[in-house]
Amino acid sequence: MVESLFSDADALLLARFQFAFTVAFHIIFPAFTIGIASYLAVLEGLYLKTRNPVYQKLFRYWVKIFAVAFGMGVVSGIVMSYQFGTNWSVFSDKAGPVIGPLMGYEVLTAFFLEAGFLGVMLFGMNRVGEKLHFFATLMVAIGTAISAFWILSVNSWMQTPTGFAMNDVGQFVVEDWFAVIFNPSFPYRLAHMLLAAYLTTAFVVGGVGAWHLLKERSNAAARKMFSMAMWMALLVAPLQVFVGDLHGLNTQEHQPAKVAAMEGHFKSETQAPLYLFGMPNMETAEVDYAIKVPGLASLILKHDVNAEVTGLDAFPRDEWPPVPVVFWAFRIMVGLGLLMVVIGLWAGVQRARGKLYDASWLHKAAIAMAPSGFVAVVAGWIVTEVGRQPWVIYGLLRTEDAASPIAAEGVGGSLLAFIVVYFLVFGAGTFYILRKMAGDPENVHIPDYGGGMAAERLMHEED
């Protein structure tokens, strides 16, 4: 049945879709766990400083959600790595001397750090001292950030490769590890991704807090989580817009074809317009039904309204990325980012008026925006990866030359299996997380002896 279903399919297209499907599932979990791990560290630190039991309730409330999301992130990440050998063996062979060690460093540093302290964080409360437990939470949070460091270094090198040479058998080999790791796009992409993770978490936390505030405005735990989330939206969302602009300027310098696709610029021109909306037409090389602002793209990309902006006509046609996909994914990402700024400003105004916990329309908007970070992250990933096409290593190795020489039936069969298993397993995990979020944080049980008591006291009570 599988053979007949995929007999006329393109093996390369199926391999690309399989990787896209698994990455789209995977990326939402690290985007959440990076932020929630830091949030847990902040909550525990505030509890130790203030002894306010609300912080302890929130820590216990969110740590269970973190544990499930972390587990799903690990599992989905392992599946992805296997595809390097099954579907992308040529890429693994050619880029392995560069990519392999970097991914190994992620395991040796971030994963081992997280694994070493995760058990203490999840099960050590009331079994180890308060300071040790807080240290374990900090190590898990730092581990998630280190993991992002190495993975983004890998991906950034594929976008802006430096510090390498080619050996006699056509492999990329390292000449300068510093140049490989800290390649030209890496700092911007790391900052952009970490801020995206923090905003993703902030809007999930804010949405959950708003949900419980609509049911009971006097809910102390809900008030606290909503307030903290809205502070993050107010402060971090505008910062993300600034970092995103810097990242865009860096991309314009190193990957101008990607920026041309993002902006819908088929032709190089001065006073280039900013297309707010439209339908890019690859056949006519025009943006149909365009709504545009003349000169604004030149101002944003070159900081000069009269500057020339490079269009796709500066590149061979076979090096154009799929413009409609990149164009619209970019607008989804930017649009959601601007809505986050609006929510943060709206919450700031309501806070100044003393009505942060009584603004029901703000609470409803926060609930609607709860999944916005996940959507924006996936849209941003689409811009990054689809905009890089037709290259897997930009300007050096084409995607079509990096795939394994396997039949479409083999790729299609595993793709179907992934789709079924992912929706069952991760659907069940997501359902469980949503049920935990629906629970009232005020009902979280705190033992009478308090969090973080010494192991000796617990052992004495158990005796």
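A brief structural summary. (Residues numbered from 1 in each chain as written. Predicted model: local features only at pLDDT ≥ 70, side-chain atom pairs only at ≥ 80, totals over all residues. Heavy atoms only, no water.)

**Observations concerning helix α2 (residues 11-50)**
Stated formally: Strands here are runs of E lasting at least two residues and helices are runs of H or I lasting at least four, both read from the DSSP assignment and numbered beginning at the N terminus. Helix span is expected to be 1.5 Å times the residue number reduced by one. Polar contacts, as used here, are pairs of N or O atoms within 3.5 Å; protein pairs need one atom able to donate a hydrogen and one able to accept it. Residues neighboring in sequence count only if both atoms are side-chain atoms.
Taking 1.5 Å per residue as the helical rise, α2 with its 40 residues ought to reach 58 Å, and the 59 Å between its terminal C-alpha atoms agrees with that figure. Measuring from the backbone nitrogen of Leu12 back to the side-chain oxygen at the start of α2 gives 3.0 Å, which picks out Asp10 as the cap. Looking one or two residues beyond α2, the residue adopting positive phi is Arg51, at roughly 60°.

**Some points on the pattern of salt bridges**
The following threshold applies: Each salt bridge in this description consists of a side-chain nitrogen of Lys or Arg and a carboxyl oxygen of Asp or Glu lying within 4 Å of one another. Using a 1.4 Å probe on the protein chains alone, a residue whose accessible area is under 20% of its type maximum counts as buried, one over 50% counts as exposed, and one in between counts as partly exposed.
One pass over the structure, following the stated rule, counts eight salt bridges. With a closest N to O distance of 4.0 Å, Arg398 and Glu319 form a salt bridge. Taken together, the residues span a long stretch of sequence, with Arg398 in strand β8 (residues 397-398) and Glu319 in the loop between β6 (308-309) and α11 (323-352) at a distance of 79 residues. On the accessibility criterion, Arg398 (17% relative accessible area) is buried. Taken together, the salt bridges that share partners define one network made up of Asp318, Glu319 and Arg398.

**Observations concerning the environment of Gly311**
Operational definition: The contact criterion used is simple: two residues touch if any of their non-hydrogen atoms lie within 4.5 Å.
As for its placement among the helices and strands, Gly311 is situated in the loop between β6 and α11. Residues Gly311 and Asn52, 259 residues apart in the sequence, show an inter-C-alpha distance of 57 Å. Filtering out sequence-adjacent residues up to four positions away, Gly311 remains in contact with Ala260, His265, Phe266, Lys267 and Ser268.

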